[in-house]
Amino acid sequence: MNFSFNETQLMIKEMARKFAEEELAPSASERDEKEEFPHEAVKKMGELGLMGMMVAEKWGGAGLDTISYVLAMEEVSKVDASVGVIMSVNNSLVCWGIEKFGSDDQKQRYLPDLAAGRKLGAFALSEPEAGSDATNQRTTATRNGDSYVLNGTKNFTTNGSNADVVLVMASTDRSKGAKGVSTFIVEKSFPGFSVAKKEQKLGIRSSDTVSLAFQDCRVPAANRMGDEGFGMKFALSTLDGGRIGIAAQALGIAQAALEASVKFSKERKAFDHTISDFQAIQFKLADMATNIEAARLLTLQAAELKDRGEKFGHVSAMAKLFASKVAVQSALEAIQIHGGYGYIREYKVERFLRDAKITEIYEGTSEIQHIVIARNLLQ
Ligand code: CAA
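In this text, all values refer to a predicted model and were calculated from it rather than measured experimentally.

Reading guide: rules and limits
Residues numbered from 1 in each chain as written. Predicted model: local features only at pLDDT ≥ 70, side-chain atom pairs only at ≥ 80, totals over all residues. Heavy atoms only, no water. Helix = DSSP H or I, 4+ residues; strand = E, 2+ residues; numbered from the N terminus. Rg over C-alpha atoms; globule rule 2.2 N^0.38 Å. Buried < 20%, exposed > 50% of the residue type's maximum accessible area, 1.4 Å probe, protein only. Areas by Shrake-Rupley, 256 points an atom, 1.4 Å probe, with all protein chains shown as cover. Lys, Arg positive; Asp, Glu negative; His and termini not counted. Charge placed at Lys NZ, Arg CZ, Asp CG, Glu CD. Salt bridge = Lys/Arg side-chain N within 4 Å of Asp/Glu carboxyl O. Phe/Tyr/Trp six-rings, centres within 6.5 Å; stacked < 30°, edge-to-face > 60°. Arc of directions from axis to C-beta. Contact = heavy atoms within 4.5 Å. Near = heavy atom within 4 Å. Polar contact = N/O pair within 3.5 Å; in protein donor to acceptor, adjacent residues only side chain to side chain. Expected span 1.5 Å × (residues − 1). Pairing = 2+ DSSP bridges.

Trainee: So, the overall build of the protein chain: which residues are in play, and what are the values?
Mentor: When helices and strands are counted, the protein chain shows eleven helices and ten strands. For a compact globule of 379 residues, the expected C-alpha radius of gyration is about 21 Å, and the protein chain comes in at 21 Å, within 12% of that figure. Relative to its 379 residues, the protein chain shows a buried fraction of 56%. Accessible area for the protein chain stands at about 16,400 Å²; split by element, carbon and sulfur atoms hold 51% of it. Across the protein chain, the centroid of the 46 positively charged side chains sits 3 Å from that of the 50 negatively charged ones.

Trainee: Could you give an account of the pattern of salt bridges, naming the residues involved and the relevant values?
Mentor: This model, assessed by the stated rule, comprises 31 salt bridges. Glu35 serves as the salt-bridge partner of Arg205, at 3.4 Å between the closest nitrogen and oxygen. Of this pair, Arg205 sits in the loop between strand E6 (193-198) and strand E7 (209-220) while Glu35 sits in the loop between helix H2 (28-34) and helix H3 (39-47), and the two are 170 residues apart along the sequence. Of the charged contacts in the structure, one is a salt bridge between Glu75 and Lys78, with a shortest N-O distance of 3.8 Å. Linking Glu75 with Lys78, this pair stays in helix H4 (residues 66-79), spanning three residues, or about one helical turn. Each member of the pair Glu75 and Lys78 is classed as buried. Overlapping salt bridges, with partners in common, bring together Asp32, Glu33, Glu35, Arg205, Arg345, Glu350 and Arg354 in one network.

Trainee: Residues and numbers for the packing of aromatic side chains, please.
Mentor: Applying the stated rule across the entire model yields ten aromatic pairs. Following the ring pairs from residue to residue traces out a cluster consisting of Trp96, Phe101, Phe123, Phe230 and Phe234.

Trainee: Go over H3, please, and point to the residues and values.
Mentor: When we look at burial in H3, the residues that qualify are Ala41, Val42, Met45 and Gly46. Angular distribution of buried residues about the axis of H3 spans 140°; they occupy a single face of the element. Seen from the open side of H3, the exposed residues pointing more than 90 degrees away from its buried face are Glu40 and Glu47. As for H3, its buried residues are in contact with helix H1 (7-24), helix H5 (81-101) and helix H6 (104-115). Looking one or two residues beyond H3, the residue adopting positive phi is Gly49, at roughly 85°.

Trainee: Which residues make up the site of the ligand, and what values go with them?
Mentor: Around the ligand, a shell composed of 22 residues is seen, among which Thr158, Lys179, Lys233, Asp240 and Arg375 lie nearest. Between the ligand and Thr135, the relevant distance is 3.4 Å, taken from an oxygen atom to a side-chain nitrogen or oxygen of the residue. Arg375 places a side-chain nitrogen or oxygen 2.7 Å from an oxygen atom of the ligand. The protein chains hide 73% of the 1,100 Å² of surface that the ligand would expose on its own. Counting residues per element, the ones that place at least two in the shell around the ligand are H5, strand E3 (147-158), helix H7 (231-267) and helix H11 (366-378).

Trainee: Residue-level account of H1, with values.
Mentor: An ideal rise of 1.5 Å per residue puts 26 Å on 18 residues; H1 measures up with 25 Å between its terminal C-alpha atoms. Among the residues of H1, those classed as buried are Gln9, Ile12, Ala16, Phe19, Ala20 and Leu24. Around the axis of H1, the buried residues are gathered within 100° of arc, so they sit on the same side. Within H1, the exposed residues directed more than 90 degrees away from the buried face are Glu7 and Met11.

Trainee: Residue-level account of the side chain of Arg205, with values.
Mentor: A residue is classified by how much of its surface remains accessible, and Arg205, at 16% relative accessible area, is buried. Of note is the side chain of Arg205, whose polar atom sits 3.0 Å from the backbone oxygen of Glu33. Reaching out from Arg205, the side chain makes a polar contact with the side chain of Glu35 at a distance of 3.4 Å. Dropping the residues within four chain positions of it, Arg205 is found in contact with Asp32, Glu33, Glu35, Glu36, Ser82 and Arg354.

Trainee: Any details on the environment of Val181? Residues and values, ideally.
Mentor: Here Val181 is to be found in strand E5 (residues 181-187). Along the sequence, Val181 and Lys233 sit 52 residues apart, while their C-alpha atoms lie 8.9 Å from each other. Excluding its chain neighbours within four sequence positions, the residues that come into contact with Val181 are Thr135, Gln137, Met169, Ala170, Ser171, Thr172, Gly229, Phe230, Gly231 and Met232.

Trainee: Explain the pairing of strand E1 (residues 121-124) to me, using residue names and the numbers behind them.
Mentor: It is a general feature of regular strands that their side chains alternate between the two faces of the sheet. Alternating residues of E1 divide into Gly121 and Phe123 and Ala122 and Ala124, and every residue in both groups is buried. Pairing geometry for E1 and strand E4 (residues 165-171), over four bridges, is parallel. Within the sheet, the bridge partner assigned to Gly121 lies in E4 and is Val165.

Structure follows, in structure tokens:
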């Protein structure tokens, strides 16, 4: 596979790098400290085409490929992984889900605003009793005339309290299990929809993660995506693509940890040398760089397969599994290289560790990625 990027891909990468350095870097630590959602940044990202990167131009998107999306996600996440996940959910779960599986009417109504950052999307699959066991949906959707009435609770929903549009998986027929789940496009203004609880988190603290409550929430039947019973296939195949975004987010965090470590090791002196003179540090840097490059290639391979319309879910699972592990390892090594400075807030490497950990958990834990990869081998 040849990853010599074309001019557009390189231009997008540079644009995202510049945006992240100029607009995100100065306030990333403060937003993390205050758990402050980056409203202004998200608006600007919409204007730059970063919120609907893969949406076709006819639906108001940037019409770019998944490789460009990976390159931009890495640059943004390198500076602020909270912004990375906001961008990832909107792009690869919400916009991609609607574009791939929505009706023309749904695309027309939702994609232009979501792709331009005028509206924000969320993806509500997890429930108190349906995390890794995603098919165990307890939220119900009961048909009533031209509407469905939704009742239940979703949790761990990224973007949930700021989202205008939420893709909600709910059971239209509990007796059918996974085959009885359907997907609905819910607007925050629909009566019966509310944000129940905002979570306080270890990392990615300036992105919001909430529980959502549906109490006799009336959703027009025209907002059901696909047929009744298609919801689980919708959710799992959309997550196949989402995992490329999270792999790229992990990659960004790992790269940031490496760059901070290289810089610090060339400045920090011990025993009359900069610590970069010591093999103990050099070997750590070399291992970090090697693992990051391998994670990058795997992530790009998943993106390339997706762009070519080939089967890619097992590769996106590998990319997320590997890149998330590399992110956590790299952040830990960065702290070790920084010594005591790595443990204090002023030196942002401790944030890399806090942000990295979630990439091993959301959009399918590492254990779930192992299952997806093994099932593909054994089918
Ligand atoms: N694409 C399309 N369809 C798929 C699929 C895929 N990748 N994987 C499975 N399916 C289909 C199956 O074929 C099956 O349909 P049929 O019965 O018609 O064949 C149906 O979906 C159910 O699949 P399984 O029978 O394989 O279900 P399972 O109970 O054995 O579980 C699982 C499969 C892989 C464990 C799955 O539940 C899973 O991936 N769990 C993790 C869920 C997850 O990633 N959650 C993340 C939450 S979202 C989030 O984090 C977003 C955020 O805000 C950041």
